[in-house]
Amino acid sequence: MNDHDQTQPDDLLERSIAALRDEAVSRDPSPQAVAGTLAALRKAQNPSFFQRVVAMTLTQKIAAAAALTIGGAVVYFLATLFGGFSSISYAEVADQIREVRTMVCNITVTPANSGTAVTMRMMFMSPDKTRMEMPGGMAMIMDQKDKRSLVLDENHKTATLTDIKTTGGPSARSGGGDDDAVQHFLDLAKADGTPEGRRQIGDVNAMGFRVQDQGQSALVFADPKTGRPLEIDYEEITGVKKMVMDDFSFDQTLDPVLFSMTPLRCPVP
Amino acid sequence: VTDWDSIVRTEGPAVWRTARRLMGNDPDADDCFQEAFVDALKVSRRQPVKSWQALLIRLATARSIDRLRRRIRQGRRLEAMNLEQLSQTAPLPVESAESNELSQRLRIALAQLPANHAEVFCLACLDGWSHKEIAEQLAISVDYVGVLVHRAKKELREQLAWIAEVHK
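Residues numbered from 1 in each chain as written. Chains lettered and ligands numbered in written order. Predicted model: local features only at pLDDT ≥ 70, side-chain atom pairs only at ≥ 80, totals over all residues. Heavy atoms only, no water.

**Considering the overall build of chain A**
- Looking only at helices and strands, chain A has eight helices and eleven strands in total.
- Excluding contacts between residues fewer than 6 apart, the proportion of contacts in chain A whose partners are at least 24 apart in sequence is 42%.
- Roughly 15,000 Å² of accessible area belongs to chain A as shown, and the carbon and sulfur atoms make up 58% of that amount. (Helix = DSSP H or I, 4+ residues; strand = E, 2+ residues; numbered from the N terminus. Contact = heavy atoms within 4.5 Å. Areas by Shrake-Rupley, 256 points an atom, 1.4 Å probe, with all protein chains shown as cover.)

Right, here's the structure in full:
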């Protein structure tokens, strides 16, 4: 047992801050890290439109200006005709994902070994609480912090509390499994996305992005006005033929009772 | 045209130290280092950059926090709390070992915070930025920075107490 475990929390925090702040980190980045970073920057640094314009001859600039004028008029006409559209980069979508505090959505999973799709309602409260409501009156609450899950079965009136850290399941998040929907969603903020068309979702002309991360492929459709995902189609997830997340609602206030690991006591008739 | 070679050479050491301190190991720090620069390139396309150093340190902090949170989410919390697995291989003097343990516990606790709380806390308490500097960099009010730092400290105290309890 260490002495500092006996200290008051306030003191512990200040000492921990001092320890981390004063930790000796004298070494510069390795030559490999610098070289890798410069290579990544070169790859990401495609010449911008304006850089290309600067490099043009006068004749090319006049031709480009004429083309842009005509093109602009066509775009304006189409935008006026069809109610307009806007655009967004994947970096902005990733920013929105990174900032998510609470999330409610539908998850439709088609297992690899059967063609029957199952739709669940998922609620997530950052950083570590998840509730999945499944068909047939079952719900599963997972607490990543305390490493526990609670399965509520409405039909059999049972509540099963499981210690995840000892069983390795049922929470995929706790084990970092491939079927962890929340982790898959949060990982999208870490990856790069390339534009891949548009799709009409409700009354929104959503922008599509193809995202590849650690061998996993996802198609993210985002609202071009807010940058928030409207639908995410996953492929190539272990044990799952297809997984679709949609009907999103972000950062609404969720009742903490929904994530309580203590089953409510029912009145005895 | 942005001279990235020059920026990496000039700002690289400070950015790397920021990432290395939060991650506690070289491989993760190297990844965060690279991500911070690539993210800075993306930011520079959207808006003019007043201070490369400030932007890069903020991004390195944010990427490091992301990685810490991810590490914990992947179920490695208990593994991370195994203090035998700290980076050093040779036995340390008692004081160094204690400091190392405190640092590691603070990293674990930071990973439990909401990302914006953790980021503001690191900039204020580890990098020594003023609330005004943080507010300018994150485009939020100075008062809100104070609120976030206060909340972060409160949450960290709870987390550290919990971790200490587990290790009793």
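**What to know about the sheet that holds strand E9 (residues 216-222) of chain A**
All names here are of chain A.
- Pairing is antiparallel in the open sheet, where eleven strands are placed in the order E6-E5-E4-E3-E2-E1-E11-E10-E9-E8-E7. Bordering the open sheet on either side are strand E6 (158-163) and strand E7 (193-201), each of which pairs with just one other strand. Neighbour-to-neighbour, the strand axes of the sheet open up by a mean angle of 20 degrees, direction not taken into account.
- Relative to strand E5 (residues 148-153), strand E4 (residues 138-143) is paired through six bridges, and the arrangement is antiparallel. (Pairing = 2+ DSSP bridges. Axes fitted to C-alpha atoms, helices over the stretch in contact; angles between N-to-C directions.)

**A closer look at the pattern of salt bridges**
- Counted according to the given criterion, the structure contains 30 salt bridges over all chains.
- Between Arg101(A) and Glu99(A) there is a salt bridge; the shortest N-O distance is 3.5 Å.
- The exposure class assigned to Glu99(A) is partly exposed, which follows from its relative accessible area of 43%.
- Here Glu158(B) ties to Lys154(B) by a salt bridge, and the two come within 3.3 Å at their closest N and O atoms. Here Glu158(B) and its partner Lys154(B) are both found in helix H7 (residues 142-166), four residues apart, which amounts to about one turn of the helix.
- Taking the relative accessible area as the measure of exposure, Lys154(B) reaches 49% and is therefore partly exposed.
- Three or more residues joined by partner-sharing salt bridges are found here, namely Asp95(A), Arg98(A), Asp39(B), Arg46(B), Arg63(B) and Asp66(B). (Salt bridge = Lys/Arg side-chain N within 4 Å of Asp/Glu carboxyl O. Buried < 20%, exposed > 50% of the residue type's maximum accessible area, 1.4 Å probe, protein only.)

**Observations concerning the pairing of E9(A)**
All names here are of chain A.
- E9 sits mainly inside the fold: seven of its seven residues count as buried.
- The side-chain alternation of E9 yields two buried faces, one formed by Gln-216, Ala-218, Val-220 and Ala-222 and the other by Ser-217, Leu-219 and Phe-221.
- Taken together, the seven bridges between strand E8 (residues 204-213) and E9 define a ladder with antiparallel strand orientation. Looking across to E9, one finds that Phe-209 is bridged to Val-220.
- In the sheet, E9 pairs with strand E10 (residues 229-235) via six bridges, with the strands oriented antiparallel.

**Here we look at the interface of chain B and chain A**
- The interface is formed by 59 residues belonging to chain B together with 55 residues belonging to chain A.
- A buried area of about 5,100 Å², summed over both sides, lies between chain B and chain A, and 56% of it is on carbon and sulfur atoms.
- Counting the surface chain B buries against chain A, the share from its top three residues, Arg70(B), Arg73(B) and Leu102(B), is 15%.
- For Arg98(A), the salt bridge identified is with Asp66(B), shortest N-O distance 3.3 Å.
- Counting residues per element, the ones that place at least two in the side of chain B that touches chain A are helix H1 (4-23), helix H2 (26-46), helix H3 (52-80), helix H4 (94-111), helix H5 (115-126) and H7 of chain B.
- In terms of residue class, the side of chain B that touches chain A is made up of 23 nonpolar, twelve polar and 24 charged. (Buried area = accessible area lost by both parts, 1.4 Å probe. Nonpolar A, V, L, I, M, F, W, Y, C, P; charged D, E, K, R; others polar.)

**Remarks on helix H2 (residues 31-44) of chain A**
Residue and element names in this part refer to chain A.
- Given a rise of 1.5 Å per residue, 14 residues ought to cover 20 Å, and the 20 Å separating the end C-alpha atoms of H2 matches this to within 8%.
- Buried within H2 are the following residues: Ala-33, Thr-37, Leu-38, Ala-40 and Leu-41. Here the buried residues of H2 occupy an arc of 160 degrees about the axis, which is enough to place them on one side. Of the residues in H2, the exposed ones pointing more than 90 degrees away from the buried face are Pro-31, Gln-32, Arg-42 and Lys-43. (Expected span 1.5 Å × (residues − 1). Arc of directions from axis to C-beta.)

**Topic: the nonpolar core**
- Counting 37 residues, the largest nonpolar core has Ile107(A), Phe185(A), Leu188(A) and Met245(A) as its most contacted members.
- Sorting elements by how many residues they give to this core places strand E11 (residues 240-250) of chain A first, with five residues.
- Sequence-distant contacts of Phe185(A), that is, excluding residues within four places in its chain, are made with Ile97(A), Val100(A), Met103(A), Pro229(A), Ile232(A), Tyr234(A), Met245(A), Phe248(A) and Phe250(A).
- Among the nonpolar cores identified, the runner-up in size contains 35 residues, and Leu102(B), Leu113(B), Ala152(B) and Ile163(B) belong to it. (Core = buried A, V, L, I, M, F, W, Y, C linked by side-chain atoms within 4.5 Å.)

**Some thoughts on the environment of Arg58(B)**
All names here are of chain B.
- Following the sequence through the fold, Arg-58 ends up in helix H3.
- In this structure the C-alpha to C-alpha distance between Arg-58 and Glu-119, which are 61 residues apart in sequence, comes to 7.8 Å.
- With residues near it in sequence (within four places) discarded, Arg-58 still touches Glu-119, Leu-123, Trp-129, Gln-137 and Leu-138.

**So, the packing of H2(A) against H1(B)**
- For the pair H2(A) and H1(B), the least separation of the axes is 10 Å and the interaxial angle reads 145 degrees. When the axes of H2(A) and H1(B) are compared, the crossing they make is right-handed. Taken together, the residues of H1(B) that come into contact with H2(A) (itself represented by Val34(A), Thr37(A), Leu38(A) and Leu41(A)) are Trp4(B), Asp5(B) and Val8(B). (Left-handed = near helix turned anticlockwise from the far one by under 90°.)

**Some words on the state of the cysteines**
Residues and elements named next belong to chain B.
- As enumerated under the stated definition, the model contains zero disulfides over all chains in all.
- As a non-bridged cysteine, Cys-122 has Cys-125 as the owner of its nearest cysteine sulfur, 8.3 Å distant.
- You can call Cys-122 buried: its relative accessible area is 0%. (Disulfide = S-S within 2.5 Å.)

**Observations concerning the pairing of strand E2 (residues 118-125) of chain A**
Residues and elements named next belong to chain A.
- Sheet analysis places strand E1 (residues 102-111) next to E2, joined by eight bridges and oriented antiparallel. For Thr-102, the partnering residue across the bridge sits in E2 and is Met-125.
- Here E2 pairs with strand E3 (residues 129-134) via five bridges, running antiparallel. Opposite Phe-124, over in E3, you have Thr-130 as the bridge partner.
- The antiparallel hairpin formed by E2 and E3 contains three residues in its connecting segment.

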